[in-house]
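Residues per chain are reported as follows:
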Amino acid sequence: MTGFTEDELVQAVRTILGGAAPGVLLGPGDDAALVEPGAHVGVLTADLLIEGVHFERASIAARDLGHKSLTVNVSDVAAMGGSPRYGLVSLGVPPDVELSWLVELFGGIRDAAQDYGMSVVGGDTSRAECIVVSVAVTGEVAAAGAVTRAGARPGDRVVVTGALGAAAGGVRLAREGDRAALTSDWGRALIAAADRPSARVGEGQTLAGAGASAMIDISDGLARDLGRVCAESHVGAAVRLADVPVAEALRPFGAAFGVEPLQLALGGGEDYELLACLPPERVEDARAALRERFDTALTDVGAVRASPGMVAVAADGSERPLEPSGWDHFAA
Ligand SMILES: [Mg+2]
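All values derive from a computational prediction rather than experimental measurement.

## Observations regarding the overall build of the protein
Piece 1. When helices and strands are tallied, the protein shows 11 helices and 13 strands.
Piece 2. For 332 residues, the compact-globule estimate of 2.2 N^0.38 gives 20 Å, and the protein sits close to it at 21 Å.
Piece 3. Projecting the C-alpha coordinates of the protein onto the three principal axes gives extents of approximately 65 × 50 × 35 Å.
Piece 4. Expressed as a percentage of the 332 residues in the protein, the buried residues total 50%.
Piece 5. With an accessible surface of roughly 14800 Å², the protein has 52% of that area assigned to carbon and sulfur atoms.

Here it is, written out as structure tokens:
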């Protein structure tokens, strides 16, 4: 690293992340952190964000990247029905990165930790060829309350939180680089969805409490992530295309750039909404609880079936295979 020493960076990070936090006996700065273990089962997850693979330095603000690096991990904890507790952040830093950029990155990490009621307690830095943000998050979940991908049963309803496809729309729009579109209300909404996603922590716990038989966060698109649940649960699923909650901002984007909004909702990634399977009699209560507690929509998009494979159901009731990449409207 040039322009600043590793000690200067560590000092800056301690200033940004330091301070007393619940459960943290010793925070960043020593050989290791000391935390209270918590009363429940531990949830552990890790995620890598690599420049040129997961993001481009020029197209995301450092603060947003920091926030997102924690969010993608917290989303995995949420998908188990758990709550996040502690985070470790390790960075690969190329020589041309300024200390101010790293301070912004850690500012975003601190903002996210506050949003999710957790503490970042340590990490590491190293010189690298490109920016690497490696985050590990621990959380906890009551043993009986953990929800995996493996419990879906034939007859369960498939439900999703929020609306889908906006993040994928944002990525496409950033690539188009159309100034008028980027500064429109819908353009800003799409970019924000891509750069500043939120993890659905409270919603995940509510869905777990409502009796979810399986759950996953939608990081790679509804079709692909539902496919993962089906594979782990040894079931199939039918998705009614007309019921898929397509993000509003995708409609003007689709009209302007000739993109099918439903395609992005089914096949686009990085929404970090939750997909759960619920016994039919639990859906109404879960929907009411999500609306009341979080003002989050819950949409019934289809059903779990005993027969393997996923199908897309059109408005007229006809069925065709649902590919992991989404629904190909040219195949209609
Ligand atoms: Mg996940």
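## Points about the nonpolar core
Piece 1. Judged by nonpolar contacts, the single largest core of 39 residues is most densely connected at Leu222, Leu226, Val244 and Leu275.
Piece 2. If you tally residues by element for this core, the top one is helix α8 (residues 222-233), at five residues.
Piece 3. Core analysis: the next-biggest nonpolar cluster, separate from the first, contains 36 residues, Phe4, Val93, Leu102 and Val133 among them.

## What about the coordination of the magnesium ion?
Angles at a metal have ideal values that depend on geometry: 109.5 degrees with four tetrahedral donors, 90 or 180 degrees with six octahedral donors.
Piece 1. Around the magnesium ion, the protein contributes the donor atoms Asp76 (OD) and Asp217 (OD), at 2.0 to 2.1 Å from the metal centre. In this pair, Asp76 is assigned in helix α2 (residues 62-78) and Asp217 in strand β8 (residues 214-218), connecting sequence segments 141 residues apart.
Piece 2. Assessed through its relative accessible area of 22%, Asp76 is described here as partly exposed.

## A few points about the packing of helix α4 (residues 166-176) against helix α6 (residues 185-195)
Piece 1. One way to put it is that α4 packs onto α6 with a least axis distance of 7 Å and a crossing angle of 110°. Classified by the interaxial angle, the pair formed by α4 and α6 is roughly perpendicular. Between α4 and α6, the residues in contact are Ala166, Ala167, Gly169, Gly170, Val171, Leu173 and Ala174 and Trp186, Gly187, Leu190, Ile191, Ala193 and Ala194, respectively.
Piece 2. By residue class, the composition of the contact of α4 with α6 is 10 nonpolar, three polar and no charged.

About the criteria used
- Residues numbered from 1 in each chain as written.
- Predicted model: local features only at pLDDT ≥ 70, side-chain atom pairs only at ≥ 80, totals over all residues.
- Heavy atoms only, no water.
- Helix = DSSP H or I, 4+ residues; strand = E, 2+ residues; numbered from the N terminus.
- Rg over C-alpha atoms; globule rule 2.2 N^0.38 Å.
- Buried < 20%, exposed > 50% of the residue type's maximum accessible area, 1.4 Å probe, protein only.
- Areas by Shrake-Rupley, 256 points an atom, 1.4 Å probe, with all protein chains shown as cover.
- Core = buried A, V, L, I, M, F, W, Y, C linked by side-chain atoms within 4.5 Å.
- Donors = N, O, S within 2.8 Å, 3.2 Å for Na, K, Ca; no water.
- Axes fitted to C-alpha atoms, helices over the stretch in contact; angles between N-to-C directions.
- Parallel < 35°, antiparallel > 145°, perpendicular 65-115°, else oblique.
- Contact = heavy atoms within 4.5 Å.
- Nonpolar A, V, L, I, M, F, W, Y, C, P; charged D, E, K, R; others polar.

It is worth stressing that arrangement in space is one thing and function is another; only the former is reported here.
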